[in-house]
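Working through the structure, step by step
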Amino acid sequence: MVEKNDIEIDKELPLLAVRDVVIFNDMILPLYIGRDKSLAALEAAQSGAKQLLVVAQMDQSSEFPIPEEIYRVGTVAQIVRQLKMPDGRLKILVQGLAKARIVDYVQTEPFLKATLEILEEEPVANADSIELEALMRNVRDQSQKILLLRDLLSDEIVNLLEGIEEPGRLANLVVSNIKVKVDEAQKVLETTDPMARLQLVNSILAQEVKVSAMQAKLDSEAREEMDKSQKEFFLREQLRLIKRELGKDFDRDDEAREYRVKFQKAHLPKDVAAEAIKQLSRLEYMHQDAAEASIIRSYLDWIVELPWGVTTRDHLDLAQAKKILDADHYNLKKVKDRILEYLAVMKLSHRQKGPIICFVGPPGVGKTSLGQSIAKAMGRKFVRLSLGGMKDEAEIRGHRRTYIGALPGRIIQGLKAAGSSNPVFMLDEVDKIGNDFRGDPASALLEVLDPEQNSSFSDHYLNLPFDLSRVMFITTANFLDPIPQALEDRMEIIHLSGYTAEEKVSISKKHLLPRLIKDHGLKHGTLTIQDSAIKAIISSYTYEAGLRGLDRKLAAICRKVARKVAEGRDKTFRITEKQLHKLLGPPEIVHEPKLTDGQPGVATGLAWTEGGGEVMYVEVRTMPGKGNLSLTGQLDEVMKESAQTVLAYARAHAMELGLDKDFYEEMDIHVHVPEGSVPKEGPSAGVALMVALISALTGIPVPKDMAMTGEITLRGQILAIGGLKEKSLAALRRGVKRIIIPRQNLKDLEDVAEIPANIKRKLAFLPVDNINDLLDLVFPNRKTTMPISPKRPEKKDSRFKEGPPPRRIKRFPKHSPSARKIVFP
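Not measured: the values here are computed from a predicted model.

Concerning the overall build of the protein chain
When helices and strands are tallied, the protein chain shows 26 helices and 27 strands. Residue burial in the protein chain is summarised as follows: out of 825 residues, 46% are buried. Summarising the internal contacts of the protein chain: among those between residues at least 6 apart in sequence, 74% fall at separations of at least 24. With the model as given, the accessible surface of the protein chain reaches about 44200 Å², and the carbon-plus-sulfur share is 51%.

Given below as structure tokens:
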């Protein structure tokens, strides 16, 4: 047993861990006990000498502190009183007896118990020194300053501070009555030298004086602001009473108060808030039935309902975003990579501006639904605005408030509907915008889709800047040509090509069929369609690059199956290719017959259409005449010029091509492209026109398994073309094995997203640079000579008979093709 102030203190005591407080000697403090271990420790103390070792815990948020989370120095406290609270907790009143250090923990369950060592107070060196007296006075003065700033100073406290002559007790008293951090109070407790402890308290007080002074200043400013608000309130109440006495309605004052509350909740920018207050002041002094009053109310309603600075948090988990994009859309690697790159940049730099992307591709390839998937992957709201047929600039910028029924533009309306200032905003059909006397919407979009300008987009109705820089704008188009150059320059163009037959089959099985089966009320496993049947639907019942027609045909099959199930027939259905005629009727797409061997003057060209690629036959026939060139088949000017260029090249290089130099003088040439009701345009038919012409002039047929595309110049060069993927798909569908392409298009074959690997395995791409390479590939056994054409016989009197003209023989020396055959296995 150890004696301390005539009170015996055990060497082993229950330990009570406390939060947010440090107990000092002679300090009387109430404590609330609610934790199980604390209650058990209190019960053990009550059964003994009613003593506890009270120690502060390091982590104030820990509910179940372990010995390592408890300070080593605490205070032995005597339990003076105990009271049970209504909520089940205990309230105890304790008094500090002695400072103690934990030597070791005896037990940890069901409560903490430790052996302790009493820490004696060190004697004061130089108790009568001037330094100690000055330090004690400074501590008293700073304590009084803090209490004065906190409005807690009284004569009783001043007398208490002046009556303490021991530096250690003064330090304990000051720290225990002035709120300081637990770790700072713990340092004071662990200091056994009274002089050093008082110096530590002095430094703490110096900091607390500054904090308390600043706090008092802030309280004073807040009180002055409150007094000002109360003054305004009383004045407004007086004004309201005056208006009531004058017989005026005071509902508008309530309305004004409601608007002011809404302004605060909307967190308006400074310039917006200033304009809103200005308009509200006008409304307060305006008759409530005035025409302009309703306009101002509508204007204020729009201001408070817009998402000023309200944003949704982006999902920056790249793996999860990729999973969502892959689940919703098949392939489209370029688009998915671009979105993931944007998210990666957002993850590293949160100041990234929203990108402006334009998806260009044929109908039905998933441009619009892709925008919804992007919003889902990013965790943003989605807004869609259709621009098709829009001709009024005010649809984008809004109408000025001077007009009756004026409203903000569709951009601001979309942001209000989204409730967020950073949604994914899709501008659909941007290539179908019109214009008339009301303005050009495409020109209005120049500011919306410019990252350097849209941070302060001004709507005509609001006439206030709104930040669109965090909006992710996605536009869609079928063609780039109708889009103005200035608008196109502001967008990042991503081309979406049509799907291959294999891709359509895969999409049908993974996406279309499961959705249609669910939409038609069928159970899983009720309907299955063979791959061969799906391919037959694609080739014989649809003509498109996308999936809408295929979706409709599959839906028709689902409806017929749903009817049979509803009538109580078979429960499972397996659709084969033979059943399609019964379910969908006869094939709707009838393709032009394939070429057969031995047809000179016919070449297989490749064209691009909205529905994807298409095989286009070019037919050339010669007949006796006077050198005329006829062009039929609804050819546009560019295609006619290509035919004229081909003929001009053949005339200029007739000797090199094995032709008589005057071959064109006694014959007419007729060029026809079938399906005459369909307009045809573009320069890429030049290669097919050249091959068809040489085939017609020489009588050598073109191989039926060979198709070609490319633009021809007068110098005989073959230039690059576009739409190679669509043209390749068309060739593959028609059984073509080899495709002649310009050598400049070899870069497209290296892009996996442009030309899928399965196409490159099935087709041989033959690159050419010029017409000589072209003819060497198409006519490998041809021989070139430079014959001297005999002079044309002079006309003689028909009375004189002549023998038959000498037979002209064309010689074609063997020449190996210069072009290299490229095959991608």
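Re the confidence of the model for the protein chain
Across the protein chain, the average pLDDT comes to 82, with 90% of residues at or above 70. The low-confidence segment residues 784–825 (pLDDT under 50) makes 59 contacts with residues lying over four places distant or belonging to another chain.

A look at the sheet that holds strand β9 (residues 356–360)
In spatial order, the strands read β10-β11-β14-β9-β15; together these five strands make up an open sheet with parallel pairing. Each having just a single partner strand, β10 (382–386) and β15 (492–495) make up the two edges of the open sheet. Going from strand to strand, the sheet's axes swing by 20° on average, the running direction of each strand aside. Bridge count for β10 against strand β11 (residues 424–428) is five bridges, and the pairing is parallel.

Some thoughts on a negative patch on the surface
Taken together, the side chains of E221, E224, E225, D227 and E232 make up a negatively charged region of the molecular surface. Within the element layout of this structure, E225 appears in helix α6 (residues 194–245). Assessed through its relative accessible area of 49%, E225 is described here as partly exposed.

Side note on the pairing of strand β26 (residues 764–768)
For β26, a buried count of five out of five residues is recorded, marking the element as mostly surrounded by other parts of the structure. Burial along β26 is two-sided: the face carrying A764, L766 and V768 and the face carrying F765 and P767 are both buried. When strand β25 (residues 738–742) meets β26, the two strands line up parallel, connected through five bridges. Across the sheet, residue P742 finds its bridge partner in β26, namely V768.

Examining unusual backbone geometry
The omega torsion across E109 and P110 is 0°, close enough to zero to call that bond cis. Note that P110 resides in the loop between β7 (90–107) and β8 (113–118). Phi is positive for D26, which is not a glycine, with a value near 65°. If you trace the backbone, D26 turns up in the loop between β3 (12–18) and β4 (28–33). For D26, a relative accessible area of 48% puts it in the partly exposed group. The backbone phi angle of Q634 is positive, close to 55°, even though this residue is not glycine. Along the polypeptide, Q634 turns up in the loop between β20 (629–632) and α21 (637–652).

What to know about the packing of aromatic side chains
With the rule as written, the count across this model stands at six aromatic pairs. The residue whose ring lies beneath K416 is W302, and the NZ or CZ to ring-centre distance is 4.0 Å. When the ring centre of Y664 is taken as origin, the NZ or CZ atom of R651, which lies over that ring, is 3.9 Å away.

Regarding the packing of helix α17 (residues 501–519) against helix α18 (residues 531–540)
Two elements in contact, α17 and α18, have axes whose closest approach is 10 Å; the angle formed by their N-to-C orientations is 120°. By the angle between their directions, the pair α17 and α18 is classed as oblique. Crossing angle aside, the handedness with which α17 passes α18 is right-handed. Facing A501, K504, V505, S508 and K509 of α17, the residues of α18 in contact are D531, I534, K535 and I538. In terms of residue class, the contact of α17 with α18 is built from four nonpolar, one polar and four charged.

What to know about the pairing of strand β14 (residues 472–477)
On a regular strand, one side chain projects to one face of the sheet and the next to the other, so that they alternate. Burial runs high along β14: six of the six residues are buried. Burial along β14 is two-sided: the face carrying M472, I474 and T476 and the face carrying F473, T475 and A477 are both buried. Both β9 and β14 contribute to a ladder of five bridges, which runs parallel. In the strand pairing of β14, C358 is matched with T475. With four bridges connecting them, β11 and β14 associate as parallel partners. Pairing of M426 across the sheet is with I474, part of β14.

Things to note about the pattern of salt bridges
Applying the stated criterion to the full structure yields 30 salt bridges. One salt bridge in this structure joins E63 and R19, with 3.4 Å as the shortest N-O distance. Here R19 lies in the loop between β3 and β4 and E63 lies in the loop between β5 (51–56) and β6 (73–84), a separation of 44 residues in the sequence. Take R19: its relative accessible area is 31%, and that puts it in the partly exposed class.

Concerning the nonpolar core
Ranked by internal contacts, the top residues of the largest apolar core, which has 65 residues, are L15, L31, L52, L53 and V76. Not counting residues within four places of it along the chain, the set of residues in contact with L52 comprises L13, P14, L16, A41, L42, A45, T75, V76, A77, I79 and I92. Formed by 55 residues, the second largest nonpolar core is a distinct cluster that contains F359, I529, L547 and L554.

Points about the environment of A730
Structurally, A730 can be placed in helix α23 (residues 724–733). Along the backbone, A730 and A607 are 123 residues apart, and their C-alpha atoms lie at a distance of 8.6 Å. Leaving out residues up to four positions away in the same chain, A730 has contacts with G613, E614 and V615.

Thoughts on the side chain of T526
You can see T526 is positioned in the loop between α17 and β16 (527–529). Within polar-contact distance, the side chain of T526 engages the backbone oxygen of K523 at 2.8 Å. With sequence-adjacent residues up to four places away left out, T526 is seen in contact with V565, K571, T572 and F573.

Some thoughts on the packing of helix α2 (residues 130–149) against helix α3 (residues 155–162)
Two elements in contact, α2 and α3, have axes whose closest approach is 10 Å; the angle formed by their N-to-C orientations is 165°. Here α2 is positioned roughly antiparallel relative to α3, judged by the angle of their axes. In the packing of α2 onto α3, the handedness of the crossing is right-handed. Packed against α2, whose contacting residues are R140, S143, Q144 and L147, the element α3 presents I157, V158, L161 and E162 at the interface.

Cut-offs and rules
- Residues numbered from 1 in each chain as written.
- Predicted model: local features only at pLDDT ≥ 70, side-chain atom pairs only at ≥ 80, totals over all residues.
- Heavy atoms only, no water.
- Helix = DSSP H or I, 4+ residues; strand = E, 2+ residues; numbered from the N terminus.
- Buried < 20%, exposed > 50% of the residue type's maximum accessible area, 1.4 Å probe, protein only.
- Contact = heavy atoms within 4.5 Å.
- Areas by Shrake-Rupley, 256 points an atom, 1.4 Å probe, with all protein chains shown as cover.
- pLDDT = per-residue confidence, 0-100.
- Pairing = 2+ DSSP bridges.
- Axes fitted to C-alpha atoms, helices over the stretch in contact; angles between N-to-C directions.
- Patch = residues over 30% accessible without salt bridge, like charges linked within 9 Å, V, L, I, M, F, W, Y side chains within 5 Å.
- Salt bridge = Lys/Arg side-chain N within 4 Å of Asp/Glu carboxyl O.
- Lys, Arg positive; Asp, Glu negative; His and termini not counted.
- Charge placed at Lys NZ, Arg CZ, Asp CG, Glu CD.
- Phe/Tyr/Trp six-rings, centres within 6.5 Å; stacked < 30°, edge-to-face > 60°.
- Lys NZ or Arg CZ within 6 Å of the ring centre and 35° of its normal.
- Parallel < 35°, antiparallel > 145°, perpendicular 65-115°, else oblique.
- Left-handed = near helix turned anticlockwise from the far one by under 90°.
- Nonpolar A, V, L, I, M, F, W, Y, C, P; charged D, E, K, R; others polar.
- Core = buried A, V, L, I, M, F, W, Y, C linked by side-chain atoms within 4.5 Å.
- Polar contact = N/O pair within 3.5 Å; in protein donor to acceptor, adjacent residues only side chain to side chain.

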